[in-house]
Structure formats: structure tokens, C-alpha cells
Amino acid sequence: MTIIDFHAHAFPDALAPRAIAQLTINAATSGYIPLTDGTTHGLIESMDRAGIHRSVVCNIATNAKQMAKVNDFAISCASNHRLIPLGSLHPGVTAIDMDNELDRLAGAGLAGIKIHPDYVHIEIDSPAFEPILARCEARGMLVVTHAGFDPVEPKHIHCTPEMVLRVMERHPALKLVVAHTGGFDCEREVLEKLCGTKVYLDTSLAAVRKAKSVSWGEACGNIIRAHDSNRILFATDTPWSDPVEEIAFVRGIGLSEENVEKIFHVNAEKLLASCIK
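Read on for an overview of the structure. (Residues numbered from 1 in each chain as written. Predicted model: local features only at pLDDT ≥ 70, side-chain atom pairs only at ≥ 80, totals over all residues. Heavy atoms only, no water.)

Considering all chains together, one arrives at zero disulfides under this definition. Cysteine Cys77 remains unbridged, with the sulfur of Cys58 as its closest cysteine sulfur at 11 Å. We classify Cys77 as buried; its relative accessible area is 5%. This cysteine, Cys136, is not joined by any disulfide, and Cys58 carries the nearest cysteine sulfur, 13 Å off. Cys136 gets classed as buried once you look at its relative accessible area, which sits at 0%. (Disulfide = S-S within 2.5 Å. Buried < 20%, exposed > 50% of the residue type's maximum accessible area, 1.4 Å probe, protein only.)

Below is the structure:
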């Protein structure tokens, strides 16, 4: 069966050691360790071990100055047929810079962007994100967002299910993918507020949560079963989880074979139709 991972990470070879070292410091407070070296080569080795055919590489501009370089790397990843890169926008740049970067990403065949509200310390439903979300909606470009808890700022969640609802009320045509089954450590609220809506949910870190708590894993499974099967996307968050275990989690929650196929590749292929060759 074809498997597309909708949420993975990699960095330029020269940057990867420093990036992974810093991210490891943040993640270690919650007991997470990286399982690749952070390079594209390391990602592809992990994919091969798990039987993953292609991965969406989620790049994040954590400050305005680095945005163009982040997008340079994203565009460079498009030359590898195993990788489907996303660019990124930072809410601190000018409207002209946003338009220029989106033009550049679209021109290179990229389908959209990844944002991480916690890394920029701004809530996703704040006015600061509006120019980004409105532009992506108007262009038909998808947005992947981190949601729920993140070790980088553990005491404040910058993307909750309630915030996602407000975003979708303002931008009903936005193709929004909400990571971590709608919000890491927000499972009850996801079930109550996001399941059955138009947002896409990715499955990243579901197996990691099951390993920490059976009830946590059951909550993730309940979300996947309750949401529209056409709007669930398999994902790992490599290097922060074992893709073999993430695949086993999806296979083990009692879905029909048709829905497993949708989650592993059919839904992703439809959402990424403009850039999958």
C-alpha cells in the first residue's frame, strides 16, 4: 500500500546538527528524543525502514529574517521525488514580502506552507496571522499548523480547537491541516469541537501518545474514527516518532480497509494533486 507521511521535518545538512541539538533541549523536557539526524538523507532512511513512499517536509520560519532562507531550502527539496516540501511565512514580515514569498513558492510547485504559532508566540486566531491565512485561502494554498501543547512554550497553547474554529469561521475556504489529531493534549476539546468540521487532521504522534498512556492513545483513535474519513491524513512528525509505530497505530484502531487507504495516501493525493507528479 502506498503511504504518504503528511508531517515530517528535515533541515539543510549544514544546519541540521545545530537545529536538532536545540530542538532536543526543548523536547527533552517532555521526554522526546530525535530518531533521525535531521537531514533529508536521514528522513529518507527512516521512510525506507517504515515503507513510506513520500513525505511532506514541513519547514518553519521562526523569525522574519530567516523566512527567505527557509523557503530556499523548501524549494530545493522539491527536486527530490520522495519529498513534498512546504514553505513557511512569518507574521512579522510585510504584506509585500508575504506576496513575494507565496509567488515564489507557488512558482516552484509547492502546495502551501507550515506555521507554528508556539514558535512565534502568537495565537493562530490573532490579527497577526490574518494576512497569512487570507492570502493562502485566496490562492488555494494549504496551511499546516501545529496545534495543542508544545515543549517550546509548555504553559501556553497558541492553537486550540476553539481558535481553529474561529479561524475557519473567518476563512471557510481555507485548506487547513491541524496537526496532532487536532491538538496535542486537547483531545476532549477536539472531539467536541473539531470532529465533523471541514478541517483536516493529521495523525502525527498518535503512537507516541499511546506509548505514554493507553487512554491517551484511545482518545486519538476516537478522534480518527469520529472525524470525516476524507479529512484524516497519516503523519509521523519525524524525527520525533517512530514511523513504524505510527503506521501500526493507524492499522490497529479498527478502521475499514477503505478508510485506511484514504488515511495513508488517497486523501493526501487529493489535497496535494497540484504538486504530486
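So, about the sheet that holds strand β2 (residues 54-58). What holds strands together in a sheet is hydrogen bonding between their backbones, with the strands either parallel or antiparallel. What the three strands build is an open sheet, ordered β1-β2-β3; its pairing is parallel. The sheet is open, and its two borders are formed by β1 (4-8) and β3 (83-86), each paired with just one other strand. For this sheet, the mean angle separating the axes of adjacent strands, direction not counted, is 20°. Sheet topology note: the β1/β2 ladder contains three bridges and is parallel. Within β2, the position partnered with Ile4 by the bridge is Arg54. (Pairing = 2+ DSSP bridges. Helix = DSSP H or I, 4+ residues; strand = E, 2+ residues; numbered from the N terminus. Axes fitted to C-alpha atoms, helices over the stretch in contact; angles between N-to-C directions.)

Below, the discussion takes up the pairing of β2. Within β2, five of the five residues are buried, leaving the element largely enclosed by the surrounding structure. A two-sided burial pattern is seen for β2, the buried positions comprising Arg54, Val56 and Cys58 on one face and Ser55 and Val57 on the other. The sheet contact formed by β2 and β3 spans four bridges and is parallel. Bridge pairing links Ser55 to Leu83 in β3. One crossover worth recording links β2 to the parallel β3 by way of helix α3 (residues 67-77), and it is right-handed. (Right-handed = clockwise from strand over helix to strand, strands pointing away.)

In this structure, Pro239 follows Thr238 across a cis peptide bond, with omega equal to 15°. Considering the arrangement of structural elements, one finds Pro239 in the loop between β8 (232-233) and α11 (243-251). In this model, His121 sits at a positive phi of 60°, which is unusual for a non-glycine residue. Position of His121 relative to the elements: it lies in the loop between α5 (117-120) and α6 (130-139).

Moving on, we get to the pattern of salt bridges. Pairing between side chains of opposite charge can happen when the charged atoms of each approach one another. A full pass over the atoms with the stated rule returns 14 salt bridges. A salt bridge links Asp72 to Arg104; the shortest N-O distance between them is 2.7 Å. One end of the pair, Asp72, is in helix α3; the other, Arg104, is in helix α4 (residues 95-107), with 32 residues separating them in the sequence. The class of Asp72 is partly exposed, set by a relative accessible area of 41%. Through salt bridges with shared partners, a single ionic network connects Asp125, Glu162, Arg166, Glu189 and Lys193. (Salt bridge = Lys/Arg side-chain N within 4 Å of Asp/Glu carboxyl O.)

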